[in-house]
Amino acid sequence: MPTRSSSDLIVVGAGVVGAACAHYAARRGLDITVVDRGPVAGGTTGAGEGNLLVSDKEPGPELRLALLSGRLWRELSDVLPARVEYEAKGGLVVASGETGLTALRAFAHRQARAGVTAEEVAGERLHDLEPHLAPGLAGGYHYPQDAQVQPALAAAHLLRAAGTRVRLRLGEEVVGVLTRTDGTVRGVRTPAGELHAPHVVNAAGTWGGAFARVAGVALPVQPRRGFVLVTEPLPRVVRRKVYAADYVADVASGSAALQTSPVVEGTPAGPVLIGASRERVGFDRTLSTEVLRRLAQGAARLFPVLARVRVLRTYAGFRPYLPDHLPAVGADPRAPGLLHACGHEGAGIGLAPATGAVIAALVAGDEPPLDAADMHAFRPERFHGTP
């Protein structure tokens, strides 16, 4: 039987953000076609750790998006199967000295005024939360709203939960965007033929800038490479996501140079995930022994028990970086009918449900679940230049 070539919405990208856009659009009764040149979660999502964080975000539009997403992830945890490994385990940010703790305290107080729950933990009480932490740390903050999910499974089950309203076209690269004579988008072209819809969503992640150029608009998404170490399966030696306070500064930095800060978290399956590194080197996947050395040393400083643990594998991924550290979410007036849902950098998994809910509301002609000021901050056309 031939596949239907028309739908209400085409989502380009089958990562977790594209899956969330499709999921929430299907909830509104829309028919969606999801197109990806690879498999579900074949890009940045498949290389992610699954972080659902508020702890690393300054007060502002992104934090409000994260708080909304946190509520939606909790709702989704009742809908999606347990195998997506949703864990509301909380996060712990630690400081090695008093200077770092003072800065972390000021940061947490600003967050608290914006609706984040942040609980100060004295240095001598850190072991109550994480018994294997290194001794002598000055203190930290516990963030009970932080959580984790298995990202590839989450993307797959968001699509599956949408039922028959979502059709997948995997292994098909979008090579053109179809428009009417007035410039309005009317679908996409792949090597297999034309797909028609009055709305097209750019959820192509790190490749969102390339797809924007295909659509004739500028969106300066750049890849920001990161490596992750995966240890052998262990008893639960790390209970939460634990990271050093300087990780927050690395997230906010615009530097292209290599930056590393220790980020350690356990998983329900047993392996411990170790990050985090950031550098802009294009799409170069070359293994960097210097990065791996720094990550291993940083993790062992936080959790000395890990110094004796085997690393089974490493992998690299590319975060979709935009210069102002905010995602592009919303309709693009430069190409009516085109919407963007990309540029979330390392926060795409956490921000996916709220992004999907916003896109679905816009496509349905309803008010999005964010105020006008936040939508203005995320507007795709804020970047100028030629595609």
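With an unreviewed UniProt entry as reference, the protein is termed FAD-dependent oxidoreductase, source organism Streptomyces typhae.

Caption draft 1: Looking closely at the pairing of strand S18 (residues 328–331). Both S18 and strand S19 (residues 338–342) contribute to a ladder of four bridges, which runs antiparallel. Across the sheet, the residue bridging to Ala328 is Cys342, located in S19. Taking the residues that link successive antiparallel strands as the turn, the S18-S19 hairpin has six residues, and the phi of Gly337 there is positive, at about 100°.

Caption draft 2: Expanded view of the side chain of Gln148. Residue position: Gln148 is located in strand S7 (residues 147–148). Of the polar contacts made by the side chain of Gln148, one reaches the backbone oxygen of Glu49; its length is 3.1 Å. Separated by 3.0 Å, the side chains of Gln148 and Glu265 make a polar contact. In contact with Gln148, not counting residues within four places along its chain, are Glu49, Gly50, Leu52, Glu85, Tyr86, Glu87, Lys89, Glu265, Gly266, Thr267 and Leu273.

Caption draft 3: Structural context of the sheet that holds strand S16 (residues 272–278). Spatially, S5-S6-S4-S14-S15-S16-S13-S17 is the arrangement adopted by the eight strands of the open sheet, whose pairing is mixed. In this open sheet, the two strands that pair with only one neighbour each are strand S5 (119–122) and strand S17 (311–321). For this sheet, the mean angle separating the axes of adjacent strands, direction not counted, is 25°. Here strand S15 (residues 259–266) runs beside S16; their pairing, made up of six bridges, is antiparallel. Looking at S16, one finds that Val263 is bridged to Gly275. Across the sheet, helix H3 (residues 98–113) lies against strand S4 (91–95), S5 and strand S6 (139–143), angled at about 25° from S6, the strand it touches most.

Caption draft 4: Fine view of helix H8 (residues 289–302). With 14 residues, H8 extends 20 Å between its outermost C-alpha atoms, agreeing within 8% with the 20 Å of an ideal straight helix rising 1.5 Å per residue. When we look at burial in H8, the residues that qualify are Val291, Leu292, Leu295, Gly298, Ala299 and Leu302. Buried positions in H8, seen along its axis, are confined to an arc of 135° and lie on one side of it. Set apart from the buried face of H8 by more than 90 degrees, the exposed residues are Thr289 and Arg301. Looking at the buried positions of H8, the neighbouring elements they touch are S4, strand S13 (222–231), strand S14 (241–244), S15, S16 and S17.

Caption draft 5: Broad picture of the nonpolar core. Counting 68 residues, the largest nonpolar core has Ile32, Trp73 and Val201 as its most contacted members. Both domains that meet at this core, namely domain 1 (9–50 + 152–221 + 324–383) and domain 2 (91–144 + 222–321), each give it at least three residues. When sequence neighbours within four positions are dropped, the list of residues in contact with Trp73 reads Val16, Leu52, Leu80, Tyr86, Val149, Ala154, Ile349, Gly350 and Pro353. Leu234, Val237, Val291 and Phe303 belong to the second-largest nonpolar core, a separate cluster that totals 25 residues.

Caption draft 6: How the structure looks around the packing of aromatic side chains. By the definition in use, this model includes two aromatic pairs. Geometrically, the ring pair formed by Phe283 and Phe318 is edge-to-face, given 5.3 Å between the ring centres and 65° between the ring planes. Of the two residues, Phe283 is situated in the loop between S16 and H8 and Phe318 in strand S17; the sequence distance between them amounts to 35 residues. Cluster of aromatic residues (ring-pair linked, three or more members): Trp207, Phe283 and Phe318.

What counts, and at which threshold
- Residues numbered from 1 in each chain as written.
- Predicted model: local features only at pLDDT ≥ 70, side-chain atom pairs only at ≥ 80, totals over all residues.
- Heavy atoms only, no water.
- Pairing = 2+ DSSP bridges.
- Helix = DSSP H or I, 4+ residues; strand = E, 2+ residues; numbered from the N terminus.
- Polar contact = N/O pair within 3.5 Å; in protein donor to acceptor, adjacent residues only side chain to side chain.
- Contact = heavy atoms within 4.5 Å.
- Axes fitted to C-alpha atoms, helices over the stretch in contact; angles between N-to-C directions.
- Expected span 1.5 Å × (residues − 1).
- Buried < 20%, exposed > 50% of the residue type's maximum accessible area, 1.4 Å probe, protein only.
- Arc of directions from axis to C-beta.
- Core = buried A, V, L, I, M, F, W, Y, C linked by side-chain atoms within 4.5 Å.
- Domains from an automatic or database assignment.
- Phe/Tyr/Trp six-rings, centres within 6.5 Å; stacked < 30°, edge-to-face > 60°.

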